[in-house]
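Structural overview
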Amino acid sequence: SLPVHLVSQLHEARDQLQEHVAHIKQEEGEEVAQKFVEEELPEIWAKAINNLTMSWAGARNEVEDHVKDLKKFFGSQRKEMPGKTKADILKEIWAELPK
């Protein structure tokens with residue numbers, strides 16, 4: 001399955017390209033628009049898909065790396081203290097604060 005955000009961006013890019021083709025059709029005629037669609041649009045669309053996909057993948061990787069770092073950080077914070085309650089730990093913290 002595809003990520004919703006990426007699909008949304010691809011739909012937006014498609015809509016913008018369709019508007020551009022309609023503008024060409026209106027300003028320069030049907031033949032020029034058809035030539036653009038056949039000759040230039042496929043390359044433009046391929047580049048757009050590639051750029052959006054690479055951007056999404058980079059953001060995904062960045063988030064995953066951050067999650068790994070956070071898990072590693074919080075995983076290192078686990079110190080078992082058998083027999084101690086939260087209240088005992090808070091008492092120790094309060095005792096250290098005035099120092």
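A word on a negative patch on the surface
Side chains of Glu62, Glu64, Asp65 and Asp69 sit close together on the surface and give a patch of like negative charge. With respect to the helices, strands and loops of the structure, Glu64 is situated in helix α3 (residues 41–75). Accessibility expressed as a relative area gives 41% for Glu64, which makes it partly exposed.

Comments concerning a nonpolar patch on the surface
A surface patch of nonpolar side chains, amounting to about 600 Å² of accessible area, comprises Met81, Ile89, Leu90, Ile93, Trp94 and Leu97. On the secondary structure map, Ile89 appears in helix α4 (residues 86–96). Looking at Ile89, the relative accessible area reads 30%, which means it is partly exposed.

Each value, and the rule that gives it
- Residues numbered from 1 in each chain as written.
- Predicted model: local features only at pLDDT ≥ 70, side-chain atom pairs only at ≥ 80, totals over all residues.
- Heavy atoms only, no water.
- Patch = residues over 30% accessible without salt bridge, like charges linked within 9 Å, V, L, I, M, F, W, Y side chains within 5 Å.
- Areas by Shrake-Rupley, 256 points an atom, 1.4 Å probe, with all protein chains shown as cover.
- Salt bridge = Lys/Arg side-chain N within 4 Å of Asp/Glu carboxyl O.
- Lys, Arg positive; Asp, Glu negative; His and termini not counted.
- Charge placed at Lys NZ, Arg CZ, Asp CG, Glu CD.
- Helix = DSSP H or I, 4+ residues; strand = E, 2+ residues; numbered from the N terminus.
- Buried < 20%, exposed > 50% of the residue type's maximum accessible area, 1.4 Å probe, protein only.

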